[in-house]
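These are the residues of each chain, in order.
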Number of protein chains: 4
Amino acid sequence: MSSSTGQLFRIATWGESHGGGVGVVIDGCLPQLELSEADIQAELDRRRPGQSDIVTPRKEADRCEILSGVFQGRTLGTPIAILVRNEDARPEAYREMETAFRPSHADFTYQAKYGIRNWQGGGRSSARETIGRVAAGVVARKVLAVLHPGIEVVAWVSRVHQVESSVDPATVSASAIEANAVRCPDAAAAERMIARIKEARSDGDSVGGLLECVVRGCPAGLGEPVFDKLEADLAKAMLSLPATKGFEIGSGFEGTKLTGHEHNDAFEMRGGRTRTVTNRSGGVQGGISNGEDIVFRVAFKPTATIAKVQRTVTADGENTELAARGRHDPCVLPRAVPIVEAMVWLVLCDHALRQRAQGAVAS
Amino acid sequence: MSSSTGQLFRIATWGESHGGGVGVVIDGCLPQLELSEADIQAELDRRRPGQSDIVTPRKEADRCEILSGVFQGRTLGTPIAILVRNEDARPEAYREMETAFRPSHADFTYQAKYGIRNWQGGGRSSARETIGRVAAGVVARKVLAVLHPGIEVVAWVSRVHQVESSVDPATVSASAIEANAVRCPDAAAAERMIARIKEARSDGDSVGGLLECVVRGCPAGLGEPVFDKLEADLAKAMLSLPATKGFEIGSGFEGTKLTGHEHNDAFEMRGGRTRTVTNRSGGVQGGISNGEDIVFRVAFKPTATIAKVQRTVTADGENTELAARGRHDPCVLPRAVPIVEAMVWLVLCDHALRQRAQGAVAS
Amino acid sequence: MSSSTGQLFRIATWGESHGGGVGVVIDGCLPQLELSEADIQAELDRRRPGQSDIVTPRKEADRCEILSGVFQGRTLGTPIAILVRNEDARPEAYREMETAFRPSHADFTYQAKYGIRNWQGGGRSSARETIGRVAAGVVARKVLAVLHPGIEVVAWVSRVHQVESSVDPATVSASAIEANAVRCPDAAAAERMIARIKEARSDGDSVGGLLECVVRGCPAGLGEPVFDKLEADLAKAMLSLPATKGFEIGSGFEGTKLTGHEHNDAFEMRGGRTRTVTNRSGGVQGGISNGEDIVFRVAFKPTATIAKVQRTVTADGENTELAARGRHDPCVLPRAVPIVEAMVWLVLCDHALRQRAQGAVAS
Amino acid sequence: MSSSTGQLFRIATWGESHGGGVGVVIDGCLPQLELSEADIQAELDRRRPGQSDIVTPRKEADRCEILSGVFQGRTLGTPIAILVRNEDARPEAYREMETAFRPSHADFTYQAKYGIRNWQGGGRSSARETIGRVAAGVVARKVLAVLHPGIEVVAWVSRVHQVESSVDPATVSASAIEANAVRCPDAAAAERMIARIKEARSDGDSVGGLLECVVRGCPAGLGEPVFDKLEADLAKAMLSLPATKGFEIGSGFEGTKLTGHEHNDAFEMRGGRTRTVTNRSGGVQGGISNGEDIVFRVAFKPTATIAKVQRTVTADGENTELAARGRHDPCVLPRAVPIVEAMVWLVLCDHALRQRAQGAVAS
C-alpha cells in the first residue's frame, strides 16, 4: 500500500513505463466541482516528453481519459480514475538492462526487494509514474480553489549543474517560468542552463540541479503536529520523487549558521494581521503554516541513465560494463517543475481538508 | 490523528510540557521480546534535561513506567503504553507567553490553528513530546535486533553554528559520541562547540547546527516505492522534529553540482555481494536500501526561545516586546542526537516489518 | 496497529486486566470543547464492575485521570490521554489458566497467535479493555454535541437468554434504561431477566442475549461508500466487542423473508422533509444515513468463563478439566449497554468529521 | 478515501454503472506470483449479468484488462490495475430516476450526502462496483495459495425468501454450488428457489434471502484484536456489500439462547492438535481464528428496484409514484456468491500478511 498517499485527499498511482499504461485513482474529492479531461491535459502537457529539445525525445501524447467520478462535467464525490496509455514503448532499447544493473538507478534495489523487475525501461521506478501525480494535482488544485481561493503554487529551476539564477520568490510568475524550455524565470541564466544541458547530452552525460518553489496566499493554520507537520509532509512528498536527494525550507541549511537572535522572525501587526518582519521560517512554524510565503528548495541529482560507459555488475554477479541506449532526459529539472507543483497541491489539499474536519466550530 | 506514525510499527505520542505527563502507545511490536523499563530509561537519560552544563537546567528525572504490553519481562504483542510524569513544571515562568507570541516559535501558529493553546511552556510543541519517540525507538531497536541483527544507528553533532568537525561515517562509534557533552566525536571540534554554546547562552542567544547520522548493516530491500521510499520516510521523520529546516541524503545538495558520470555509484562484485564503489547515493537507490551505509544530514535552526529582547505582537494584536524567561537549551543539537536515532529506528522497524509482510516467499 | 480505530477521530486503547492499568489516547478531537474527568467518570461508572448484584463483584473504582490534551477545562486539539489504574487484580485466582485453556475464551487463540499471553485474567482480551472505548465515547459525544446537536444514542438489553422484552425504539428513554440493574426498560421483563441471571450464577453457569440500540436525530448524509458504509462501520464496531456473535440493522434477518414490495420504505414528504413511511432500512440506505432512526441489534453469547467443570486441554497438549475461579459476570449484557453506546458515538463522530471534511461547499 | 480497504493487501475500487467503466487498483500483492487475465475472468464470469435466466439480462461480457503490475505473467510487487469497460449502458431506461428517488435505494441518500448523483443506473451504488472486488479477490486467493495452501472458501445460497435448504458446511463443495443457477447445493431446494425467483420477477417484485459461507483450512492465529478482530473485519466486509442487513458467525443470534455451559466449545486433543469438540464459535475465538471451520451467514434484503408501482418523492420535494424500468436482478443472492467469497479472500489475505509481519520470530 505504498503507492497511495494522503489522509483525506487520497491518491493511488499505478503503472510501469512499459505496460498497459499509467494512472491514478483519486478518492476524497469534493463533489460538484467542474472537472474535464482538458483541465488535466494542460498539466500533463507540461510534463510530457518531447516538449522541447532539452528533454527526452520519447514520443508520448500522454492523452488522459477520466473513467469515473465525473458526471455531466462535475465531480460526484466518488473515486476519480484517470488513465494514460503507454504508446511509444521500445523495450528492445532496454535489452541490456535485463541483465546489467544501471549504476545509481533502481534496477539493483528493485531486484533485491522484489526478486523480479520489469527491465523494459524504468518499470515502476520510471518518472512516467508521476503522470498520475500530476493529474491528481490538478484535481487537488480545484478543491483548494473552492476552499481557499487565492493560493498560488509556483516552482522553477533555480540552478542547473553550476549555473545559478537569481529569482525573487515573492514576485516570480508562472508565465515567466513557462517562457523558456528550462523553466527558469531568470532569462539570462535560462540560456546558460539550456546550453549546459545540451552540452551534457552531447557528452553522453547528464546534470542535476536545484528546484525552488513558493506557495503564496496559503492561510495560517495548515499542518498537523506532531508527525504530519506541513514541512514534514512537503519533505516526504519531495523525497518521494525520482532523483531527489535533499529538501530545505526557509533558511534551510544556511540558516543554521545564524544565532537565534539573527534568525528569529519578529512579529508585527501589518495590514491588520499578525505578520513576520522576515521569513526565515519559510512560512511554517511549529509545523503549521503562518500565513507567510512557503518557500522551499529541492536537490535533484544528475540523471542516472547516461550513454557513457560505466562499470557495473550483472544480475548473475559478474562484473561488466554498460552504456545505456534508450531515450533519456539529460536533466530532469525542467519536467520536474509541474511534478513538484502537483505534489504541493496534493499536500496542501490534504491538509486543508484535515483542517476543515477538525478546526474549531465557529462560536 | 496526526500524533501517530508508522504503518505496522505504529506509535501514538501524547502530552504537553506542562500537564500530567508525556508518553507513547506502541502498537505492532513483535511478541516475546525482552523489554524492561531500564532498557528505555537508558535512552531517556540521553535526552533528558539537566544532563550537562550546556543544556537546559530543567530538573526532570524522566522516569518511565511501562503500563501494558509486557508480561514477566517479555512483550505480549499487545500495545505497550509508556508514561513519564512531568515534574519540574514552572508555569509561572511562562506567564508572559499567555499573551505574547515568541518569534519563530509555535505560539502564534497553534493559536491560529486551534484557537487555544497551553501557553505554559511549549505545550504540545515542546521537545518534551519527543520522550515518547525515544521510548518507542528503544522498542523498535529490539524488534530489529531480532529481524536484522547487526544494524547500527549512530548520529552525531557535525556542526554547531560555524564550528565544523571532521568525522568518518564509516567508522564513527557510539562511544566516541558519548565521550563529550556536545556529542561530537571529533574531540577538538567538540571543545570549540561547547565553548560556542556557552557563549550563546551567556549572550542570551542561541545557536543551531548540523546533525549527521549513519546506518550501518542495513540489508538491501527496505523502502516502499513510490510514496513511502526510505529516504522519503526518513525526511518526514526528521522534518517532524522540532527546529529542523532541512534534510539531505548521500551527496545531497552538493552532489547536484556533479555530472551523472561523476556522480553515479559504479557497481562491483565485492565479498561475493553486489556493492557500490562509491556511496553518493547514501545507501538508498530508487527509494530502497542497497545494503551500503545510509548517511544523511539534518539542519537544526537556532533555538527560538532566547533571553534577548525581541519585537513581537500579543494575542490581542498589539505590537510589544518579549524577553523570554524559563529554562531553555541554548543549542538543541546535543539532546537531538538520541531523538534522531530513535526516529531512524522507528522508520527502519516499520519498513522491516513491511518487507517481512510483503517480500517474496522463498521458493 | 490493531488497537486503534477511526479515520479522523482516532482512538488507541491499551492495557491488560492485570497490569499497570488500561487507557486510551484520543487523537483528532476538536479544540475548545469543555471536558472534565467527571464527564468521563459518569460513563465509566455505568460500565464498572460491582455496580449491582448481577455483575462481577470485582472491586474497581475505575477512577480516570486525564493526562494530556485539556487545558483549563477545555480541549486543546492535541491527543487526550486517559489512564485508569488496575486496582483489584487477583492473579492467584487465575493460576490454573496458566496451563489450561478456558473453552470458548481467547486463551488458546492468543497463545496460537502470539506464542505468549498474560494468563492473569483475560489479559488483553478482558472486557477491561473497553474502559478506553467508553472514555473515548464521552469525548466523541461532546464533539457531536457541537457538530450535530440533538443526536441521541440509546441502547438497552432486549433479551436475556430466553426472556424477551417489548420496547419501542422510537420512544425509549435513557432514564428508563437506567431504572434497573439489567438495563431493560421493560420493567416486567427486567425483573425476569434479573432472576434468570441470578439463577445462572447460582448454577455456576452464564447466559447471553440480545442488545438493541437506537440513534435518534442523526442527520442524513453520514456514511462513506463503498467500504466505510455506516452500517459496515457499526457492524465492525459491534463485532469488535468481546462476546458478540451477530449484528443486524433495520429489518435484519427477518426482513429477508419479505418481498421487495413489502420491504421497501416508501418515501413521502412530511414536515417539509423527505421521510420514509416505514423504517425497515433502519435509518441507513446505500451505506448512508437517511435521517430516520438508526436501529440495530447485537447478539452476545453467554460468558465463556463459568464455574462448572468443563473439558479442555493444557498448553502442553494434555486433555484435562477446568472449573474457573475468579470473578466473572454471569451475563455481560447489562454492562455492555454503555460500551455499545460508546462505540456508536465513536463511529458517528468519525463519520461526522469525515462528512465535515468532504461535504460540498455551500454555494 | 472510503473506496479503499485493507491494511497491507489494499484495494481501491472505482467506477459507476454508467460511465467509462469500473475497476480496481491492488497495492500490496506479493511479487513473483503467476497471474493472468484468464484467472480473473473466470471469477468475473461467475458474477456477470446475463449468465442465467434468473438474473438481470444486462448484456455485459465484463472483459478485464490488467494494466500494470504484471510482467511476463508474474506479479511485480507493484500496484495491479484492472479495468473493465461498461458496454451495455442504457441511461434512457433511468430517465425517471433523474427526478424520483427509488424507495429503499441509495438515490436519496447519495443526493443528501453529495448534492449530486449519477442517476443513470445505480451510479456508484450499483453492484457493478463489486467487479473490482471480485477481481481483487482472485489476486488475494493467489497470495494465500502461497502463504497458507489449503484454504478453501465456499459460499452458497441457503435461503431464498422463505425457501430453506439443508447444507452441511463441513462437506459442501464448490462444484455442487455451481451445479445450478441459484448456487444452492441442495438440489431440491434449488429448484424451488429458482421457481420463487421467477415468480417474483413475473410479479414485478423481488426477493431476498440468506447466504452462508465456510472457510476450511484456515490456520489458527489470524485476526487482530482489539479492533480488527477477524469476525469484525468479516462483518464489515459483508455489510459493505449492497443489500446486506445482517451478519452472524458460528452460533450467531440463535446461540444467545443457550447457557454458557451448553454453548462453550470444549477443547480436546485430536490428531495431535488442539481442537474443539463443537464449533459454536464459528472458527473464531477472541477475534482470532482457532483453526476450525469459519462459518458465517449474511442477510440480503430483497432488491430495492422493482417494477411495481411505489410511492415516493421527487428531488424537488413532490410526492409522486415510480415504477422502475431498467434491467434488475429479482434476487441478488445467486450473483452475490462469488462477491462474498471475494470479500473473504480479501479479508483473509490482509490478515495473513499482517500476521506474517508481526508474528513471533521462530526461535
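Parameters at a glance
- Once a new chain begins, its residue numbering starts again from 1 and follows that chain's sequence as written.
- Labels follow written order: the first chain is A, the first ligand is 1, and so on.
- Given that the model is predicted, a residue must reach a pLDDT of at least 70 before its local features are reported, and side-chain atom pairs must reach 80 or more before they are shown or counted; all residues, however, enter totals for whole chains, interfaces and linings.
- Least squares is used to superpose the copies, and the fit set is the C-alpha atoms of residues whose pLDDT is at least 70 in both copies.
- Residue pairs are scored as contacts if the distance between their C-beta atoms, which are placed from the backbone, is within 7 Å.
- One requirement defines pairing of two strands: DSSP has to find at least two bridges between them.
- Going along the chain from the N terminus, every DSSP run of H or I of four or more residues is numbered as a helix, and every run of E of two or more is numbered as a strand.
- Only the contacting stretch of a helix is used when fitting its axis, a line to C-alpha atoms as for every element, and angles between N-to-C directions run 0 to 180 degrees.
- Every angle not falling under 35 degrees, over 145, or within 65 to 115 is termed oblique; those three ranges are roughly parallel, roughly antiparallel and roughly perpendicular.
- A clockwise turn of the near helix away from the far one marks a right-handed crossing, whereas an anticlockwise turn of less than a right angle marks a left-handed crossing.

Student: For this particular structure, what's the right way to read the relation of the copies chain D and chain A?
Tutor: Note that the two copies of the chain are related through a rotation about an axis and a translation along the same axis. Overlay of chain D on chain A (RMSD 0.0 Å): rotation 180°, translation along the axis 0.0 Å. Expressed as a symmetry operation, the mapping of one chain copy onto the other fits a two-fold axis. Most of the interface of chain D is mirrored in chain A, where 100% of its interface residues again form contacts.

Student: Can you help me understand the interface of chain A and chain B in this one?
Tutor: Quite often, the size of an interface is put as the accessible area lost when its parts meet. At the junction of the two partners, chain A supplies 88 residues and chain B supplies 88 residues. As defined by bridge partners, strand 11 (residues 244–249) of chain A adjoins strand 11 (residues 244–249) of chain B across three bridges and the pair is classed as antiparallel. Within strand 11 of chain B, the residue paired with Gly246 of chain A across the bridge is Glu248 of chain B.

Student: Is there a simple way to explain the packing of helix 8 (residues 333–358) of chain A against helix 8 (residues 333–358) of chain C in this structure?
Tutor: The relative placement of two packed helices is expressed as an angle between their axes plus a distance between the axes. Interaxial distance between helix 8 of chain A and helix 8 of chain C falls to 8 Å at its minimum, and their mutual angle equals 130°. Taken together, the axes of helix 8 of chain A and helix 8 of chain C lie oblique to each other. Between helix 8 of chain A and helix 8 of chain C lies a crossing whose hand is right-handed. Each of Leu353, Arg356, Ala357 and Gln358 of chain A in helix 8 of chain A lies in contact with helix 8 of chain C, whose residues at this interface are Leu353, Arg356, Ala357 and Gln358 of chain C.

Student: Sorry, what's going on with the relation of the copies chain A and chain B here?
Tutor: Mapping chain A onto chain B leaves a residual RMSD of 0.0 Å; the transformation is a rotation of 180° accompanied by 0.0 Å of translation along its axis. Here 100% of the contact residues of chain A are again contact residues in chain B; the copies associate through an equivalent surface.

Student: When you look at the interface of chain D and chain A in this model, what are you seeing that I'm missing?
Tutor: The interface is formed by 36 residues belonging to chain D together with 36 residues belonging to chain A. Every element with two or more residues in the side of chain D that touches chain A is listed here: strand 2 (10–15), strand 3 (21–27) and strand 4 (64–66) of chain D.

Student: Explain the sheet that holds strand 2 (residues 10–15) of chain B here, please?
Tutor: Think of a sheet as strands paired side by side through backbone hydrogen bonds, with each pair either parallel or antiparallel. All names here are of chain B. Strand order in the open sheet formed by five strands is 1-2-3-7-4, and the pairing between neighbours is antiparallel. Lying at the two open borders of the sheet, with one neighbouring strand each, are strand 1 (4–5) and strand 4 (64–66). As defined by bridge partners, strand 4 adjoins strand 7 (residues 80–85) across three bridges and the pair is classed as antiparallel. Considered in strand 7, the bridge of Cys64 is made with Val84. Helix 1 (residues 37–47) contacts strand 4 and strand 7 of the sheet and is inclined by roughly 150° relative to strand 4. The strands touched by helix 3 (residues 130–147) within the sheet are strand 2, strand 3 (21–27), strand 4 and strand 7, with strand 3 carrying the most contacts at an inclination of about 35°.

Purely geometric numbers; function is a separate question.
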